[in-house]
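# Geometric and topological summary
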Amino acid sequence: MSTNDNLVPANFISQIITHDLKEHKNQGKVATRFPPEPNGYLHIGHAKSICLNFGIATEFKGTCNLRFDDTNPEKESIEYMQSIERDVQWLGFEWAGLYHASDYFEQLYGYAIELIEKGLAYVDSLSAEQIRLYRGTLTEPGKESPDRNRSIADNLDLFQRMRAGEFADGQYVLRAKIDMASPNINMRDPAIYRIRRVHHQRTGDAWCIYPMYDYTHCISDAIEGITHSICTLEFEDHRPLYDWVLDQLPSLAHPQQIEFARLQLEYTIVSKRKLNQLVMEKHVQGWDDPRMPTIAGLRRAGFTPKSIRDFCERIGVTKQNSWIEMGVLEYCIREDLNENALRAMAVLQPLRVVIDNYPDEQTLELEISNHPQRHELGKRIVPFSKVILIEQDDFAEIPPPKFKRLIEGGEVRLRGSYVIKCNEVIKNADGQIIELRCSYDPDTLGKNPEGRKVKGVIHWVSEQHSLPAEIRLYDRLFKVPAPDNEENFLDAINPDSLHIISSARVEASLANAQAETGYQFERTGYFCLDAQDSVAGRLVFNRTVSLREGGWGND
RNA sequence: UGGGUCGUCGCCAAGCGGUAAGGCACGGGGUUUUGAUCUCCGCAUACCAAGGUUCGAAUCCUUGCGACCCAGCCA
């Protein structure tokens, strides 16, 4: 994916695979998979996993599947599946195969029968509550269920009747028979099947028993011929169970599970439960709200797939729990947009400027470069006329130290245009500045003025030619770096995460701006048309990120 | 007081016994019709701590200390 892979040191997973390949493990094949549960939208943390799994497949000329881990129909939906497919593709990846754990329900059932026949699984009638009690604690061993030594014949009969729907939800559960005294709690006879009469988004009502993650995941990996099953750190304790299940089913291949640290990004949360809560309780406008750390949100905010891939490459892959600063993500999007975004001018807080010595009805069509460094990106026409609009902030009655924009009696360069001088400040009855009377120097178009230096350059638009626009300035959604650590993460929501500017004016060339195309509004930041709310005649732009020297906020 | 994992610059992260890469951030020069970009320079005598092995240790050993994860019929 990147052109400078040699600059990026191999992460520990690549090292393991390189080593495996050297030993000719798996016949020299490398197969990974990205296994999301379709119970929410993908977020930046998933992007890390996606880039890792698909990246490894590319690096080693292997394959990467997209597999939905759809074993808990209560929380899952087709909408989420569709969004996940869309997001993975948008990020720029192509899966070798698209599968669902539910594709394997019949096989999974068969392997469960095999375990029962081998005396390695039993049907338990203990209630959920009792099972919890019997499990013991972190420091005390568990107790065996009275049903643990049920005969194989009875187990078989009961399990078949579980499938047949003869029992109520929760009445029985199929458990792996491992070791109730294991110091690893996951090995204390984990449940592998539960009875749940829930309509499944893909299998409908064909099943009333559903397999659990630990049992399903390893077998699904094996069925697909996955060689390296990459997951996050919290599954480290589950690896013995992953291995146990596959060790009992010798007809199956045995992928290697490798764990890495999940992404933690400052000022964001990536808990699906909490993201879901933000959406449901309307703290944001939806899963694709530009403030959301979801792929859909980042996309709507104007992030590019390339910038996200670059980010995932920069942060590295290790087993260390770490926090990534927002600055890294911002750097990645700025780098991409600086190179590729066309420049334009937009005035967020307009201040009227009348150029007294410019002809009343005259319009000058200036040709301004779309990119200061990449002239191959062409030029655009920007009309100039007697009345222009500049940013209120670009004029100061009492200039702070080092201020280099417009002041009364001072000069400033209008970007791509003339140098003007402010001769008079007009105020209203309340003392507010409502207009500036200026004069222009006709001999400064494309050249520096004679005998003096003009340091400042400001952006502008022609009043009569500019277009009205709504501009949405987004800031970080949370006030604290680790909202997840708060008692209630909702209290950490930044009340000023969205600042809407409804009376901005943008240059005429933006009339046909395309959604998902980033623009740099010179001197103010990177923006893109809002794909949802922008309509002809009412342009809406989202700020992706400010120019350097700000956060995801800071005007 | 059980088990698993991790401790290298403010934040990431190379390093795999031969004498601390790189990126982000930050500070300072230069260029610039964006206070952007670009560019140059600076930024860990030091690798959680203390012992030990070795000619030589961030890398090996020992003992501490700190952090994270695990007691769903969630994934």
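Residues numbered from 1 in each chain as written. Chains lettered and ligands numbered in written order. Predicted model: local features only at pLDDT ≥ 70, side-chain atom pairs only at ≥ 80, totals over all residues. Heavy atoms only, no water.

### What about the protein's contact with RNA strand B?
Convention followed: Here a residue is near a molecule or strand as soon as one of its heavy atoms is found within 4 Å of it. Whenever a nitrogen or oxygen atom comes within 3.5 Å of another N or O atom, the pair is scored as a polar contact, on the condition that within protein one atom can donate a hydrogen and the other can accept it, and that pairs from neighbouring residues in sequence are kept only if both atoms are in side chains. By definition, any uninterrupted DSSP run of H or I lasting at least four residues is a helix, any uninterrupted run of E lasting at least two residues is a strand, and each is numbered from the N terminus.
With respect to spatial proximity, 68 residues lie near RNA strand B, and among them Arg314, Arg343, Arg405, Arg415 and Gln520 are the closest. Of what RNA strand B places within 4 Å of the protein, 67% of the atoms are sugar or phosphate. Measuring from a sugar or linking oxygen of RNA strand B, one finds a side-chain N or O atom of Asn338 at 2.8 Å. Elements with a contribution of two residues or more to the surface near RNA strand B: helix 5 (128-134), strand 6 (191-195), helix 11 (305-315), helix 12 (326-340) and strand 16 (411-414). With four residues, helix 12 is the largest single contributor of residues to the surface near RNA strand B.

### Overview of helix 9 (residues 272-280)
Our working definition: Buried, partly exposed and exposed residues are distinguished by accessible area as a fraction of the type maximum, computed with a 1.4 Å probe on protein chains only: under 20%, between the cut-offs, and over 50%, respectively. In what follows, a contact means two residues having at least one pair of non-hydrogen atoms within 4.5 Å.
All of the buried residues along helix 9 are Lys272, Lys274, Leu275, Gln277, Leu278 and Val279. Buried positions along helix 9 lie against helix 2 (44-59).

### Description of the nonpolar core
Counted only if it meets this: Here, nonpolar core refers to any group of buried Ala, Val, Leu, Ile, Met, Phe, Trp, Tyr and Cys residues whose side-chain atoms link them within 4.5 Å.
Ranked by size, the top nonpolar core spans 40 residues in total, and within it Phe159, Leu174, Tyr193, Ile209, Tyr215 and Ile219 carry the most contacts. A per-element tally of this core places helix 4 (residues 105-117) first, with eight residues. Apart from residues no more than four positions distant in its own chain, Ile219 is found in contact with Leu108, Tyr111, Val245, Leu246, Leu249 and Leu252. Of all hydrophobic cores here, the second largest spans 38 residues; its members include Ile44, Ala47, Val88 and Ile315.

### Description of the pairing of strand 9 (residues 256-260)
This is how it is decided: Whether two strands pair comes down to DSSP finding at least two bridges between them.
Burial runs high along strand 9: four of the five residues are buried. Of the strand pairs in this sheet, strand 8 (residues 228-232) and strand 9 are connected by five bridges, and their pairing is parallel. Paired with Ser229 across the strands is Gln257, a residue of strand 9.

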